[in-house]
Structure formats: structure tokens, C-alpha cells
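Reading the structure
Residue-level listing of the chains:
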Amino acid sequence: MNRWSRTVPMVVASIALAFVPATAGVAHADPAPYVPTQGVESKYFQPGPAAVTEQLGFGCCDSTGAKFDVWYPTDLGAGRHPIVVWGDGTNAVPGQYASLLRHLASWGFVVIGTENQSTGSGADIRKSLDYLMAQGDDPASVFYGKLDKAAVGAMGHSQGASGVLNALRDSGGAIKTAVPLELPAQHFCSTSASCADTRSLTTGSVFLVNGSSDGLISPSQQLVPWQAEGLQSNQAYYEATPANLPKVWGTLNGPNHNDVQGQPDCAAASVPCTTGVYGYLGYPTAWLMAQLQGDATARDAFRTGGEFFTPSPNWSNQVSAVG
């Protein structure tokens, strides 16, 4: 399971789908699970041009002794590749997000994640970056001379979403952007170290993404019963992010807390999951391409009135402070 550190009740709806036979002689294709907006989202929704190598347990170790897993373009070529450090949700490991992490690597990113299942403080997310940076300086490593150390992003889920924000805060500018997925309300923090507070950010950029069905853990707006102090919604986290930092928030319509674990659908994901990873592919990849690979068209998509704001059945709550 992948839940926040405090035990909370989960209500998972089971829907029985009746089989209706097709009209004789007529072929019916299954509807696409997700239809991206034409343009930037559609481009980055598709797998990138690179074949991908996955190596679980590639290296060791973070502060707890957990190993590091990597996804990277099989042919690293002569250039240098931007880096994405990954933060697991509670009780999860990077392999549970393989579809998403493989997708990022196909677009040229070298992705590393600690197998640590408690990443909220961000400390071991930064350890994974330190490890990969050292690999880039090691003549015996496949990554020797292949990393763009000035282009580092962080993406994480649930507790790991808090972790990547904390890693961004504490990285001394080494991490340039963070993409928190299903960021838990501060109500669920087990310790102050594992709690994210976007008010404390001084550098970098942030793209917040939550699912509309994840109203308990990562609500869009603060729930009425939780009139507690602190940041209790994605809207609150967005508004608390300093105005001088580039920031964007959007809600995927439909997904629940663990859809990001889809491979790509919900069959292998922890519950609750509604459709799968599909919605987390296009715009999050485009954001990283804009922030770390200089894709100006992708950057323009996130400006107010840009493509991200195109009316869509897939997205709501779009708001941006990208200059």
C-alpha cells in the first residue's frame, strides 16, 4: 500500500460493469483511457525517442542503507542529460512507478530514486542526487561525463511529494524545480521533518498536480471538517509558494491517490486508483522539458492563457505564475 504515514480510512468504490454485446458485424474499439490536449501535452504524452535501460538496485546506499534504482536513455550519446530525482510514497519503492519513470527517461532524463519508503524529509532524495553526481565523476561509471549537473529536477508522490519540496528547499540551488504529485495536506504530517511548507521555498519552481478523487489526502481546496491551521490543500500550497517563484497548479479530473502507480492502468497499483498513470505523463514531462531542457514551447504552455488553460475534460483548477 502507499498511504501517508498516519493511518486513515479509505473508501474504495467498486463498480460492476455489465457486459453489453456489440451489434453483430460492427467492430467497437475501446475508448482511449486518456485523450491529451493537442499540442505540448499530446507530444509529451507519447513515449520519447530514446530506448530506456532500467536498473533496480543500481547502487548503494542512502542513510538507511536503501539502494538506488535508475532509469536512463540506453544510448547516452555524446551529450549531457538532465537529472530527475524521485521520491517514493509511504511504503512504496521506485519500481511501483516504473511506467512514469521509464517515460521520463525516454525523453532524455536520467532518473534516480532511493528504495527508501519514507522520503518525506527529502534528505535521502538529496542523497540519491549526491550519489548520481559522484557517478558522473567516476570514469568507471556509465554516467561518467554524461550528466547535466546544472539541470536537476525532483518529482515525488504522496509523502515523496513532501520530500521533493523539502529537497528543493535544502538543496542550496542544486535542484531547480519540483513536481509534487498528490501532495498530502499538512494534517497528515507525522513529524515536522516530513512536512512540506511551500512558504519556506526561496529558489526554484513548482508544478503541483493532484487528482480530483483524492479529496481526503490531497484535496484541491481545504475540507470543511479540517479547519486547522497550516496548509491543508493544493490551493493553499500554491498560494503559499512565494510570488517571485514560477509556480503552476492543476487538478487531474478523475484520478485518486495512487493512479500515478499505474503500469499504465490500475491493475498493479495500490488502491485507491481510478484509471492509471495516463494523465501524469504529458504535462509533468512538458514542465520538466521546459525547466531543465529549455523547451520554450513547453514553457509557453504554462503561461496564463497558454495551452494548459485550454478547456479540457481532463484538467481543472489551472492557475499559473509563470512569467
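Here the structure is shown first, and the text comes after it.
As the structure is a prediction and not an experimental result, all values here were calculated from the model.

1. Describing helix 3 (residues 123-136)
In this model, helix 3 (14 residues) spans 20 Å end to end at C-alpha, consistent with the 20 Å of a helix rising 1.5 Å per residue. Taken as a whole, helix 3 has its buried residues at D124, I125, S128, L129, Y131, L132, M133, Q135 and G136. Summarising the contacts, the buried residues of helix 3 are in contact with strand 1 (52-60), strand 2 (67-73), strand 3 (81-87), strand 4 (110-114), strand 5 (147-157) and helix 4 (159-170).

2. So, the pattern of salt bridges
In the structure shown here, the tally under the stated rule is 5 salt bridges. In this structure, D197 and R199 form a salt bridge, with 2.8 Å as the shortest nitrogen-oxygen distance.

3. Some points on unusual backbone geometry
A cis amide bond, omega 5 degrees, links C60 with the succeeding residue C61. Structurally, the position occupied by C61 is in the loop between strand 1 and strand 2. The phi dihedral of E182 is positive, around 55 degrees, even though this residue is not glycine. When its relative accessible area of 0% is taken as the criterion, E182 is described as buried. Unusually for a residue other than glycine, N317 sits at a positive phi of about 60 degrees. Mapped onto the elements, N317 comes out in strand 9 (residues 315-320).

4. Digging into the state of the cysteines
Note: disulfide means a covalent bond formed between the sulfur atoms of two cysteine side chains. Under the counting rule described, the total for this entry stands at 3 disulfides. Through a disulfide, C60 is tied to C61; the S-S separation comes to 1.1 Å. With the S-S bond torsion at 40 degrees, the cross-link from C60 to C61 turns out right-handed. Sequential numbering of the bridged cysteines in the protein chain gives the disulfide pattern 1-2, 3-4, 5-6.

5. Section: the nonpolar core
Membership of the largest hydrophobic core comes to 43 residues, with the highest contact counts inside it found for L100, F109, M155, L181, F207, L288 and F302. For this core, the leading source of residues is helix 6 (residues 282-293), giving 7 residues. If we skip the residues at most four places from it in the chain, L181 touches W86, L100, M155, G156, H157, S158, A161, V209, V260 and Y280.

What counts and how
Residues numbered from 1 in each chain as written. Predicted model: local features only at pLDDT ≥ 70, side-chain atom pairs only at ≥ 80, totals over all residues. Heavy atoms only, no water. Helix = DSSP H or I, 4+ residues; strand = E, 2+ residues; numbered from the N terminus. Expected span 1.5 Å × (residues − 1). Buried < 20%, exposed > 50% of the residue type's maximum accessible area, 1.4 Å probe, protein only. Contact = heavy atoms within 4.5 Å. Salt bridge = Lys/Arg side-chain N within 4 Å of Asp/Glu carboxyl O. Disulfide = S-S within 2.5 Å. Core = buried A, V, L, I, M, F, W, Y, C linked by side-chain atoms within 4.5 Å.

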